Amino acid sequence: MIQTIELANYLKGDGKTDNTAAFNQLMTNTDSDDKTVIHVVAGTYCFNTVILHSNLEFIFDDNAIFKSAGNVGIIHYPSPNKGYDGGTQNITWRNATFAGSGDNSNLDWRSALCNSMLHAKYVIFDHCHWIKSQQIGGHCTDLDGSSHILYWHCDFNGYGANTSDTGGNGNTTSEAIQTDYAYKGGMSYAYPADANSYDNLPTCHVAVLGCAFNPITNADGSLQAYAANPIGQHDQINQSDIIHDIYFIGNTLTDNYPQPDKDHVAPIHFPSETANIVIANNVINRVKAPASVNFFWLGAWGTSVTTNQAVATGQSAVIYGNQFNNYNPTGSYISITGQNGFNNILASNNQVLNGSTGNFLAVSNVTNAINQANQSVTKFTQVAPQLTIPTAWSATSLPAFFNANYLLALLVLDQFNSAFVGLVDTDISQYVPDKHLFDFLMADLNTQGYRAARQQVNDIQLRLNELLIPARQIGLDISATLWQPETLLLNQSYLAHFNQNSTAINQALNTLATINKG
């Protein structure tokens, strides 16, 4: 049963009323077992700390805003129990705007609004907006032991540091999207009821697709605030598993907060105990911000974790097809140091405009580092959304490549399509091992009116099989290894959603299906 609620019947969107108590009462009065759709009409709804429950969908009209009422506004996703299934699940935000209460006279934005997520699972941010919602040292979303989180065509606007601050001063580790462990010290908000649920699980399976990380400019074009550093993790703990399967694909980053420290920071940064990181087909611009030392950094940070061998042997970091405009780092574009060793680095087919690739990749204590086809250009050209499997890499690294190709396919489809044409069939569902997740995504498509036309099932089946050819040829047991939930990202099933009348899309899918046999 689905319940639909008009938020304006319970909260005041006048931009001044503190709706904290009313919001929390609404959550108490709605059933967490059934889906609740909350429609948010235009208005500014202020609150401090609110607590969600599972099975919610928020649909915002244009000019509908959630805003912090005080110093920091928190939207908390509680976790009654330990484990990836212990927390809040099935939350969807559509066209939501999250805003801090900072204004032009308060460039440090001590007031902000954060989604604080402990063991959250199956969360979608669909065309959402963050405006002055990240304070110094804070995050727009803080993922702590969370999994299967999708950011789809969102925008993040501004970071709360004065532009006179050219980096450092403890501000360099603030990510718009923090992918953290489930421990109390990592939380943006320590909810008292979560006290017995901290278990140090790492965040995993996060996709940031087609998003923009923007600075805020004044009327005269000067910088009012830098763009946020988009994603990363700046701590590590002694834990048997590590952060893994993070996909940052098809995004735009302009004038990020400068990162002057060569030792452990960059706009995108992770500890070296991380696995399956894909940074692909992004556009990175530096127009007015000072230069950073690096763009992507993996390295030693704090306590060395006790790695899970099954994950560690399958480590990989892929930096592919990115376009850097006038970025010119003072160090190297990519800097990777394996604290306990790191396996499998691919930096390939990246383009640099107004700069040199001579300092593109710097590695230390890394096995199988490949630096190829990165070039300086006089203009950008479209890089085919395709990843090749390096011959030196083992079969354990294949999941990252296949997952990345599905995600790249998703972006290609959206590029040529004004709306998805969803194709749902049992022949497709067999490729998704997590039926709960598959059903969740299909219900999401239905809600948006995307499901249509059941043609070309055979063509989709063929394309999926083509993607699997390299794995089969090297004898990888697909049913037992490649397709287990631990190596799948949530939206692989989107490979099926294409416009059967578009030649361009079919050509793009053909390109994606041509993977080097390794």
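Residues numbered from 1 in each chain as written. Predicted model: local features only at pLDDT ≥ 70, side-chain atom pairs only at ≥ 80, totals over all residues. Heavy atoms only, no water.

Across its full length, the protein chain holds eight helices and 34 strands. Per-residue burial over the protein chain gives 61% buried out of 518 residues. Of all intrachain contacts in the protein chain linking residues separated by at least 6 positions in sequence, the fraction that spans at least 24 positions is 82%. (Helix = DSSP H or I, 4+ residues; strand = E, 2+ residues; numbered from the N terminus. Buried < 20%, exposed > 50% of the residue type's maximum accessible area, 1.4 Å probe, protein only. Contact = heavy atoms within 4.5 Å.)

For the rest of this paragraph, the subject is the state of the cysteines. This model, assessed by the stated rule, comprises zero disulfides. Cys154 supplies the cysteine sulfur nearest to Cys128, a cysteine that is in no disulfide, at a spacing of 4.7 Å. Cys128 sits in the buried class, given a relative accessible area of 0%. Judged by relative accessible area, Cys154 falls into the buried class, the value being 3%. (Disulfide = S-S within 2.5 Å.)

As a further point, take the sheet that holds strand E13 (residues 129-131). Strand order in the open sheet made by the 12 strands is E2-E4-E7-E10-E13-E16-E19-E24-E27-E30-E32-E34, with parallel pairing throughout. Among the strands making up the open sheet, the edge pair consists of strand E2 (14-18) and strand E34 (375-377). Each neighbouring strand pair of the sheet contributes to a mean axis angle of 15°, computed without reference to strand direction. (Pairing = 2+ DSSP bridges. Axes fitted to C-alpha atoms, helices over the stretch in contact; angles between N-to-C directions.)

Next up on the list: the side chain of His76. By the secondary structure assignment, His76 is in strand E8 (residues 72-77). There is a polar contact of 2.7 Å between the side chain of His76 and the side chain of Asp194. With residues near it in sequence (within four places) discarded, His76 still touches Val50, Ile51, Leu52, Ser116, Met187, Tyr189, Tyr191 and Asp194. (Polar contact = N/O pair within 3.5 Å; in protein donor to acceptor, adjacent residues only side chain to side chain.)

To continue, consider helix H1 (residues 20-29). All of the buried residues along H1 are Thr20, Phe23, Leu26 and Met27. The arc that holds the buried residues of H1, viewed along the axis, is 130°, so those residues lie on one side. Exposed positions of H1 whose direction lies more than 90 degrees from the buried face are Ala21, Thr28 and Asn29. (Arc of directions from axis to C-beta.)

Next up on the list: the nonpolar core. Among the nonpolar cores identified, the biggest contains 80 residues, and Phe66, Trp93, Phe125, Tyr151 and Phe296 are the most heavily contacted of them. No other element matches strand E31 (residues 334-348), which puts five residues into this core. In this structure Phe125 touches Tyr77, Trp93, Phe98, Asn115, Met117, Trp130, Thr141, Ile149, Leu150, Tyr151, Trp152 and Cys154, once residues within four positions along its chain are discounted. In this structure, Leu150, Trp152, Ala280 and Val318 belong to the second largest nonpolar core, which totals 13 residues. (Core = buried A, V, L, I, M, F, W, Y, C linked by side-chain atoms within 4.5 Å.)

What the rule picks out here adds up to four salt bridges. Across the pair Glu57 and Arg94 runs a salt bridge, and its minimum N-O distance is 2.6 Å. In this pair, Glu57 sits in strand E6 (residues 56-60) while Arg94 sits in strand E9 (residues 89-94), placing the two residues 37 residues apart along the sequence. Residues Glu57 and Arg94 agree in their burial class; the two are buried. The partner of Asp85 in a salt bridge is Lys121, with the nearest N and O atoms 2.7 Å apart. Of this pair, Asp85 sits in the loop between E8 and E9 while Lys121 sits in strand E12 (residues 121-126), placing them 36 residues apart in sequence. (Salt bridge = Lys/Arg side-chain N within 4 Å of Asp/Glu carboxyl O.)

A few words now on the pairing of strand E17 (residues 175-180). Strand residues, when the strand is regular, have side chains that alternate between the two faces of the sheet. Taking burial as the measure, the six residues of E17 include six buried ones, the bulk of the element. Of the strand pairs in this sheet, strand E14 (residues 141-144) and E17 are connected by four bridges, and their pairing is parallel. Directly across from Thr141, in E17, lies its bridge partner Ile177. As paired elements, E17 and strand E22 (residues 229-232) share three bridges and run parallel to each other. Directly across from Ile177, in E22, lies its bridge partner Ile231.

Let's shift gears to unusual backbone geometry. In this structure, His205 is a non-glycine residue whose phi angle is positive, near 55°. Here His205 falls in the buried class, since its relative accessible area comes to 2%.

With that out of the way, let us pick up the confidence of the model for the protein chain. In this model, the protein chain carries a mean pLDDT of 74, and residues with pLDDT of at least 70 account for 65%. Counting contacts from residues 394-438, a segment whose pLDDT is below 50, to residues more than four positions away or on other chains yields 151 contacts. Confidence drops under pLDDT 50 across residues 448-461; counting only partners more than four residues distant or on other chains, this segment forms 38 contacts. (pLDDT = per-residue confidence, 0-100.)

All right, on to the packing of aromatic side chains then. Enumeration according to the criterion identifies 30 aromatic pairs in this entry. Arranged with centres 4.9 Å apart and planes meeting at 65°, the rings of Phe324 and Tyr333 form a pair that is edge-to-face. Side by side, Phe324 and Tyr333 carry an identical accessibility label, which is buried. (Phe/Tyr/Trp six-rings, centres within 6.5 Å; stacked < 30°, edge-to-face > 60°.)

It is worth spelling out the environment of Val41 at this point. With respect to the helices and strands, the residue Val41 is situated in the loop between strand E3 (35-40) and strand E4 (43-47). Note on Val41: relative accessible area 25%, which makes it partly exposed. C-alpha of Val41 to C-alpha of Ile59: the two residues are 18 residues apart in sequence and 8.6 Å apart in space. For Val41, the contacting residues outside a window of four places in its chain are Glu6, Ala8, Asp61 and Ala64.

Moving on, we get to the environment of Asn256. With respect to the helices, strands and loops of the structure, Asn256 is situated in the loop between strand E24 (252-254) and strand E25 (268-271). In this structure, the C-alpha to C-alpha distance between Asn256 and Tyr159, residues 97 residues apart in sequence, is 8.6 Å. Not counting chain neighbours up to four residues away, the residues in contact with Asn256 comprise Tyr226, Ala227, Ala228, Asn229, Pro267, Ala289, Ser292 and Tyr327. Engagement of the side chain of Asn256 in a polar contact is seen with the side chain of Asn229, the distance being 3.5 Å.

Moving on: the environment of Phe58. Summarising the element assignment, Phe58 is placed in strand E6. On the basis of relative accessibility, which here comes to 0%, the residue Phe58 falls in the buried class. Put simply, Phe58 and Ile91 are 33 residues apart on the chain and 8.1 Å apart in space, counted from C-alpha to C-alpha. For Phe58, the residues in contact, after removing those within four places along its chain, are Phe23, Ile38, Leu52, Phe66, Thr92, Trp93 and Arg94.

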